[in-house]
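Structure at a glance
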Amino acid sequence: MNAKVALIGSGNAFFMDEGIGLYAGKYLKENFTFEPALDIVDGGTLGFRLMPLLQEYENVVIVNTSSDDTKEVGSIEVLSGDELIANQGIKKTANEVEITEMLQICSMANHCAETTMISIVPEDIISVAVGVTPALRLKWSEYIDVIVDELEKLGIKNSKKAEIMCLDEILEQFANPSIEHGKGF
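What you are looking at is a predicted structure, and each value in this text was computed from that prediction instead of being measured.

Conventions used here
- Note on numbering: residues in each chain are counted from 1, in written sequence order.
- pLDDT decides what is reported in this predicted model: residues at 70 or higher carry local features, side-chain atom pairs at 80 or more are listed and counted, and totals for whole chains, interfaces and linings draw on all residues regardless.
- To obtain the side-chain values, all non-hydrogen atoms of the structure were used and water was disregarded.
- What counts as a helix is a DSSP run of H or I of at least four residues, what counts as a strand is a run of E of at least two, and both are numbered from the N terminus.
- Relative accessibility thresholds used throughout: buried, under 20% of the residue-type maximum; exposed, over 50%; partly exposed, between the two (1.4 Å probe, protein chains only).
- Any pair of residues with heavy atoms lying within 4.5 Å of one another is described as a contacting pair.
- Areas reported here follow the Shrake-Rupley algorithm with a probe of radius 1.4 Å; residue values treat only the protein chains shown as occluding.
- Working convention: axes come from line fits to C-alpha atoms, limited for helices to the stretch in contact. Angles between N-to-C directions cover 0 to 180 degrees.
- Here the angle decides the label: under 35 degrees means roughly parallel, over 145 means roughly antiparallel, 65 to 115 means roughly perpendicular, and every other value means oblique.
- Here a crossing is taken to be left-handed if its near helix is turned anticlockwise relative to the far helix by less than a right angle, and right-handed if that turn runs clockwise.
- For this classification, Asp, Glu, Lys and Arg are treated as charged, while Ala, Val, Leu, Ile, Met, Phe, Trp, Tyr, Cys and Pro are nonpolar and the rest, including Gly, are polar.
- Any two strands with at least two DSSP-identified bridges between them are counted as paired.

If you tally the helices and strands in the protein chain, you get six helices and seven strands. Per-residue burial for the protein chain yields a buried fraction of 49% across its 185 residues. Residue pairs at least 24 apart in sequence account for 83% of intrachain contacts in the protein chain once pairs closer than 6 positions are excluded. Only carbon and sulfur atoms are counted for the fraction: they give 52% of the accessible area of the protein chain, which is about 9,100 Å².

Take a look at the structure:
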């Protein structure tokens, strides 16, 4: 890991929309090249075990869901690490709680990456299935565009590859990991 910026796809691929951060990370890894280098990390539900990444990089972008009943399903929000720490919103999953707590702890360390979280409000994080609800499918392109825009703000330029792996192909790989494709990333 030699890059100064990491993108961490976070979530649980086994609970429908909660895996969207993982799918976004995989989509970006498969379909774009980045300059300067960008490390794309399968953060899964690592929670506190992501802390070394916050201490290793200058900038970290976390992509995931944010369960917020006060916002419309599919709403996309970009928050800085400081805003996440100050935010006392409702968090429904252990992953959402752990990321915020990890940022609080890491902010007291000698070095903590400038952190940005790009989250989307899920419709279904209860059903046990690898997939994305129709409501979030409608927002998929916008979610990817917001992530790419935030990376550009950090000086990470991108170019789209000629052959594109679509969302359904990514979901298929998460649902049926193989030796050929590995698990997730």
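Let's shift gears to the packing of helix 1 (residues 20-31) against helix 5 (residues 134-153). Viewed as axis vectors pointing N to C, helix 1 and helix 5 meet at an angle of 60 degrees, and their least axial separation amounts to 11 Å. The angle between the axes of helix 1 and helix 5 places the two elements in the oblique class. In this structure, helix 1 crosses over helix 5, and the sense of that crossing is right-handed. Residue-level contacts link Ile-20, Gly-21, Tyr-23, Ala-24, Tyr-27 and Leu-28 of helix 1 to Leu-136, Trp-140, Tyr-143, Ile-144, Ile-147 and Val-148 of helix 5. Here the contact of helix 1 with helix 5 is built from residues that sort into eleven nonpolar, one polar and no charged.

What follows deals with the pairing of strand 2 (residues 32-35). Of the two faces of strand 2, only the one carrying Phe-32 and Phe-34 is buried; Thr-33 and Glu-35 on the other face are not. Here four bridges tie strand 2 to strand 7 (residues 157-160), and the two strands are oriented antiparallel to one another. When the sheet's bridge partners are listed, Phe-32 is paired in strand 7 with Lys-160.

With that settled, the discussion passes to unusual backbone geometry. Cis geometry is adopted by the peptide bond preceding Pro-36, which originates at Glu-35 and carries an omega value of -5 degrees. Turning to its location among the elements, Pro-36 is positioned in the loop between strand 2 and strand 3 (39-44). Backbone geometry at Met-16 places phi at a positive 45 degrees, although glycine is not the residue there. By secondary structure assignment, the location of Met-16 is in the loop between strand 1 (5-10) and helix 1. The class of Met-16 is buried, set by a relative accessible area of 18%.

With that settled, the discussion passes to the environment of Thr-45. In this structure, Thr-45 sits in the loop between strand 3 and helix 2 (51-56). The spacing of Thr-45 and Ala-13 is 32 residues in sequence and 9.3 Å in space, taken between C-alpha atoms.

Take the sheet that holds strand 6 (residues 114-120) next. Hydrogen bonds between backbone atoms are what pair the strands of a sheet, whose relative direction is either parallel or antiparallel. What the five strands build is an open sheet, ordered 3-1-4-6-5; its pairing is mixed. In the strand order of this sheet, the two ends are held by strand 3 and strand 5 (76-80), each with one partner. Neighbouring strand axes in the sheet, compared pairwise and without regard to direction, differ in orientation by 20 degrees on average. As defined by bridge partners, strand 4 (residues 59-65) adjoins strand 6 across seven bridges and the pair is classed as parallel. Its bridge partner being in strand 6, Asn-59 is matched across the sheet by Glu-114.

Fair warning: the whole summary comes from geometry, so function is off the table for now.
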